[in-house]
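# Structure at a glance
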Amino acid sequence: MLLLQSRGLEIHNPIKAEHYLKHIGYYRLSAYMYPLLKIPKKRHIYKEGASFDKVMTLYRFDKKFRLLLFNEIEKIRSTIVNVASDFIGDPFWMTNASNFIDQAKFTRTMSLIDSELRHTREDFIIHFRNTYCDPYPPAWILAEILPLGVMTNIYSNLKNNRIKKLISQTFGLHVIPFESWLTIITVTRNSCCHHSRVWNKVYSIRATLPNRMTRPWITLPTDLLRIYFTLCVIKYFIDIISPNNDMLDKLHALFSDFPEIDKNALGFPEGWESEPLWQ
């Protein structure tokens, strides 16, 4: 506490600040302290006006922003499974090795599926076990308990390219950009699940962009490694799954609750609300 103050961080309520540092942890909060440092940051001297209150504001915003992202991402995976199930005509296609190219990858996927089934307490899984004798539930039931990362691996390992094309075309994309977009959404979902910072974060995976878009998309110069781009990808998918969604309203409400948040740190370009995607 005294060290932070000696470096120029204003702490108006030391007792409350000590409580947060103890229960949230210095390491987690330090991610929100770092942007408040003067350059060169290795000197660990804070900018004028930097305060612990600002650190907590960034922390609280990021927490609510991650929840918003997570809830929207969860709506995407079922559509992938439903399209594949209709095309293949086999409710158990997801656990059938003949549908996949890389058998080693399929084996790893099955291990993940087995693990999820062992640990889940969902009523619909318990009902399935008590009612049917099949070793695995149908694909649309499995999809409800599998992480999006597992679903992405299942998609990439599909043997039948017609199915992969059909799924990607459902979202107005070719296979390669679709798989790329699924990957960056999965990375973001993992950040949300593990309570990792998404505010002011620069990601390491650059998405593949389609040559052309048939649906409303963004036109302004956008940093592909910032969370705003991933947010646009999520919105693009959600607009197809749920055309009358309220994702923009949720964003407006969040930014209204945190007016001091700099959208530039999230990668939002000036005039983003006028983009075709957000109309």
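Scroll up to find the structure this text is about.
Notes on the structure in this doc start here. What you see is a predicted model, and the numbers here were worked out from it, not measured in a lab.

Another aspect to go through is the environment of valine 83. Along the chain, valine 83 falls in helix H5 (residues 77-88). Valine 83 gets classed as buried once you look at its relative accessible area, which sits at 15%. Considered as a pair, valine 83 and isoleucine 163 are 80 residues apart in the sequence and their alpha carbons are 8.2 Å apart.

Within the secondary structure, arginine 212 is located in the loop between helix H11 (175-193) and helix H12 (227-241). Residues arginine 212 and glycine 172 lie 40 residues apart in sequence; the distance between their C-alpha atoms is 9.9 Å.

Axis separation between helix H3 (residues 26-33) and helix H4 (residues 52-73) bottoms out at 9 Å; the angle between their running directions is 100°. Classified by the angle their axes make, H3 and H4 are roughly perpendicular. For the pair formed by H3 and H4, the contact residues are Arg28, Leu29, Tyr32 and Met33 on the first element and Phe52, Val55, Met56, Leu58, Tyr59, Asp62 and Arg66 on the second. Taken together, the residues of the contact of H3 with H4 sort by class into 8 nonpolar, no polar and 3 charged.

Quick notes on the rules
- Residues numbered from 1 in each chain as written.
- Predicted model: local features only at pLDDT ≥ 70, side-chain atom pairs only at ≥ 80, totals over all residues.
- Heavy atoms only, no water.
- Helix = DSSP H or I, 4+ residues; strand = E, 2+ residues; numbered from the N terminus.
- Buried < 20%, exposed > 50% of the residue type's maximum accessible area, 1.4 Å probe, protein only.
- Axes fitted to C-alpha atoms, helices over the stretch in contact; angles between N-to-C directions.
- Parallel < 35°, antiparallel > 145°, perpendicular 65-115°, else oblique.
- Contact = heavy atoms within 4.5 Å.
- Nonpolar A, V, L, I, M, F, W, Y, C, P; charged D, E, K, R; others polar.

Shape is all these values report; function is a separate question.
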